[in-house]
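# Chains, contacts and geometry: an overview
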Amino acid sequence: MENTPFYFYDLNVLDETLNTVLNNTKSDNFHIHYAVKANNNKKILETIADSGFGSDCVSGWEIEASIKAGFSPASIAFAGVGKTDNEIAIALNNRIGMIHCESLEEILVINEMARAMNYIPKIALRLNPNVNALTHEKISTGLSENKFGLTVLEFAELVTIMPTLSHINIVGLHFHIGSQITEMSVFERLCERINEIVPQYENTIGTLEYLNVGGGLGINYDDPDSEIIPAFEDYFDTFRWGLRKLNVPIHFELGRSIVAQCGSLHTKVLYVKKSENKNFAVLDAGMTELMRPALYGAKHKIEKLNREAVMFEELAYDIVGPICESSDSFGSDVILPELKRGDILSVRSCGAYAESMSLRYNGRQEIGNNLKRQVSTTLRMVKTA
Ligand SMILES: *Cc1c(COP(=O)(O)O)cnc(C)c1O
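Residues numbered from 1 in each chain as written. Predicted model: local features only at pLDDT ≥ 70, side-chain atom pairs only at ≥ 80, totals over all residues. Heavy atoms only, no water.

### A short note on the overall build of the protein chain
A tally of regular secondary structure across the protein chain gives 11 helices and 16 strands. Radius of gyration (C-alpha) of the protein chain: 22 Å, near the 21 Å computed for a compact globule of 385 residues. Its C-alpha atoms give the protein chain principal-axis dimensions of about 75 × 45 × 40 Å. For the protein chain, with 385 residues in total, the buried portion stands at 54%. If you take every contact in the protein chain between residues at least 6 apart in sequence, the share linking residues at least 24 apart comes to 73%. Accessible area of the protein chain: about 17300 Å², with a carbon and sulfur share of 50%. For the protein chain, the distance from the average position of its 36 positive side-chain charges to the average position of its 49 negative side-chain charges is 4 Å. (Helix = DSSP H or I, 4+ residues; strand = E, 2+ residues; numbered from the N terminus. Rg over C-alpha atoms; globule rule 2.2 N^0.38 Å. Buried < 20%, exposed > 50% of the residue type's maximum accessible area, 1.4 Å probe, protein only. Contact = heavy atoms within 4.5 Å. Areas by Shrake-Rupley, 256 points an atom, 1.4 Å probe, with all protein chains shown as cover. Lys, Arg positive; Asp, Glu negative; His and termini not counted. Charge placed at Lys NZ, Arg CZ, Asp CG, Glu CD.)

This is the structure:
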């Protein structure tokens, strides 16, 4: 067994996911921009770029990494509530396709920087549609209390000062209401709000060249094997129907749903210990390699990978990491076959927001990854056993 911990990526699953997305969107004017923040692993970015997707970046580094991985600058969108001047310069210098703006002040800064370069970038306005994503409050972004998007007040002010903004070309509208959304009714509600907002935009700003509806499609964390490919058909059908009256290209920014199920975190049991009422399994991976449980109370399915000749009884474990924080736990009362030192566990659905969120806290060093085309037969057998 290789050194642990490491991220394990099954590129066949990634290919199958990308093909499903392409098959569900090829006959429409739909364009997918992969949200790089979900996973910026070089090989994964290259694979997604090869499939012809655009990218959605939230930092200057992500813009540069996307270009290096093969995304064409024209297919890159730059979003984020706090872009620095240096990052805006990276976007302008690389002539990326579009900048998604989240405040009036940001628009003024871009206009000035672009004027100095004698260049007119395309920008879109991120508006807050006030739609409840029915997801975890920490990953909900589309309610008026969230920090994201132009406020209604700022939109009105933008309309009045627009004639003075000579070095921006406002061409689109952008929405993103949250992540890990599994209720299609949430996206239906978003479509309803978009249908209300677009006429207001066209009456004041001008013709809409494209509409970006964000990302957010959720995945099955409880039982990943039953749904390795997320519900793309329902998702795209919802927008196809909900926005059927608008005759504009629709951009999507999917992150999690594209990469989550192709990855897992492989980790070793260092120690097993018992208290009066609990069994603890201490792992060599923790919140520094997978932060979601500590950050949002997220739950990932955990499996024991090594196969034994004898069947052990199942016990309830608190699965904890080595980091000096009580929140460094992947779950309590997780039912697993009896564990012992040296056992290998697979924490599933770690292709998104795991490697890209990893931390150096406790002096932890970057861990490696293992990208495979084929899941080895041993792993497959263990999974199905
Ligand atoms: C994070 C983010 C996404 C991707 O969200 P997923 O839930 O991973 O699909 C898309 N757009 C913006 C603006 C984001 O911040």
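### Observations concerning the pairing of strand S10 (residues 263-274)
As a general feature of sheets, a regular strand has side chains that alternate between the two faces. Relative to S10, strand S1 (residues 6-10) runs antiparallel, the two sharing 4 bridges. Bridge assignment links Tyr 7 to a residue of S10, and that residue is Leu 265. Pairing geometry for S10 and strand S11 (residues 279-283), over 5 bridges, is antiparallel. The partner of Lys 273 across the bridge, within S11, is Phe 280. In this antiparallel pair of consecutive strands, S10 and S11, the connection spans 4 residues. (Pairing = 2+ DSSP bridges.)

### Structural notes on the environment of Glu 366
The topology assignment puts Glu 366 in the loop between strand S15 (344-347) and strand S16 (368-372). Relative accessible area serves as the criterion here: at 64%, Glu 366 is assigned to the exposed category. Each C-alpha atom, one on Glu 366 and one on Gly 149, is 34 Å from the other, the two residues being 217 residues apart in sequence.

### A few points about the sheet that holds strand S4 (residues 76-78)
Around the barrel, which closes on itself, the 8 strands sit in the order S2-S3-S4-S5-S6-S7-S8-S9 with parallel pairing between neighbours. Strand-to-strand, the axes of this sheet are offset by a mean angle of 30 degrees, without reference to chain direction. (Axes fitted to C-alpha atoms, helices over the stretch in contact; angles between N-to-C directions.)

### Description of the domain arrangement of the protein chain
Each assigned domain of the protein chain is listed here: domain 1 (11-260) and domain 2 (261-384). Counting residues at the interface gives 27 residues for domain 1, matched by 23 residues for domain 2. A buried area of about 2400 Å², summed over both sides, lies between domain 1 and domain 2, and 48% of it is on carbon and sulfur atoms. Applying the counting criterion to the domain 1 and domain 2 interface returns 1 salt bridge. Across the pair Arg 348 and Asp 225 runs a salt bridge, and its minimum N-O distance is 3.1 Å. Between domain 1 and domain 2 we count 14 residue pairs in polar contact (both at pLDDT 80 or more) in total. (Domains from an automatic or database assignment. Buried area = accessible area lost by both parts, 1.4 Å probe. Salt bridge = Lys/Arg side-chain N within 4 Å of Asp/Glu carboxyl O. Polar contact = N/O pair within 3.5 Å; in protein donor to acceptor, adjacent residues only side chain to side chain.)

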